[in-house]
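# Structural characterization, general
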Amino acid sequence: MTPQLDFIGIVVTDMAATLAFYRRLGLDFPEGSEHKPHVETAIGGGMRIAFDTEAVIKSFHPQWQPPTSAGRTGLAFRCADPAEVDRVFAELVDAGYHGELKPWDAVWGQRYASLADPDGNGVDLYAPLPTTD
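Presented here is a report on the structure given in the accompanying data block. Bear in mind that the values here come from a model prediction, so they are computed numbers and not experimental data.

### As for the pairing of strand β2 (residues 38–44)
Note that β2 and strand β3 (residues 47–53) share six bridges and pair antiparallel. Bridging across to β3, T41 finds its partner in I49. Counted between consecutive antiparallel strands, the loop separating β2 from β3 contains two residues, among which G45 sits at a positive phi close to 65°.

Right, dumping it as structure tokens:
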């Protein structure tokens, strides 16, 4: 068997803050999940995303230390159109989340924006730009 990517796991400092952020991006978590040390949900294509508190990681890897700088994980959420990129970015920034790069029309043909989740992981928003053929 060839290994297949099954889920993406992210270590979090504050489960409630993390789930509040990702719920705003459309991910669905059962009520009360913010009080659990491990949470996961389907993200489409048979994939799952999982969040674990630092305590969970330390329970099986006692020497683990959280990074001292921003995360190196990047997630990208496709939006319906360029206007949705702008709207979602503005909603998240207005809610107090850190906007890394304001929406712009990227040379590769997408409306693109970048934010940071509560642990500093990169979260991008994008949508194809209309073509002018």
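Past the structure itself, the notes keep going.
### Considerations on the side chain of D117
With respect to the helices and strands, the residue D117 is situated in the loop between β6 (110–116) and β7 (122–128). Among buried charged residues, D117 stands out as having no salt bridge; its nearest opposite-charge side chain is R24, 13 Å away. Within the structure, D117 has its side chain in polar contact with the side chain of Y22 (distance 2.7 Å). The contacts of D117, once residues within four sequence positions are left out, are F21, Y22 and V123.

### Description of the pattern of salt bridges
In a structure, side chains of opposite charge can pair up when their charged atoms sit close to one another. Tallied over the entire structure, the rule returns seven salt bridges. Taking the shortest distance from any N to any O, the salt bridge between R48 and D6 comes out at 2.1 Å. With a gap of 42 residues between them, R48 in strand β3 and D6 in the segment before β1 (7–12) connect regions that are remote in the sequence. In this structure R48 comes out as partly exposed when scored by relative accessible area, which is 25%. Residue D6 is classed as partly exposed on the basis of its relative accessible area of 35%.

### Looking at the environment of A76
With respect to the helices and strands, the residue A76 is situated in strand β4 (residues 74–78). Considered as a pair, A76 and L115 are 39 residues apart in the sequence and their alpha carbons are 10.0 Å apart.

The rules behind these values
Residues numbered from 1 in each chain as written. Predicted model: local features only at pLDDT ≥ 70, side-chain atom pairs only at ≥ 80, totals over all residues. Heavy atoms only, no water. Pairing = 2+ DSSP bridges. Helix = DSSP H or I, 4+ residues; strand = E, 2+ residues; numbered from the N terminus. Buried < 20%, exposed > 50% of the residue type's maximum accessible area, 1.4 Å probe, protein only. Lys, Arg positive; Asp, Glu negative; His and termini not counted. Salt bridge = Lys/Arg side-chain N within 4 Å of Asp/Glu carboxyl O. Polar contact = N/O pair within 3.5 Å; in protein donor to acceptor, adjacent residues only side chain to side chain. Contact = heavy atoms within 4.5 Å.

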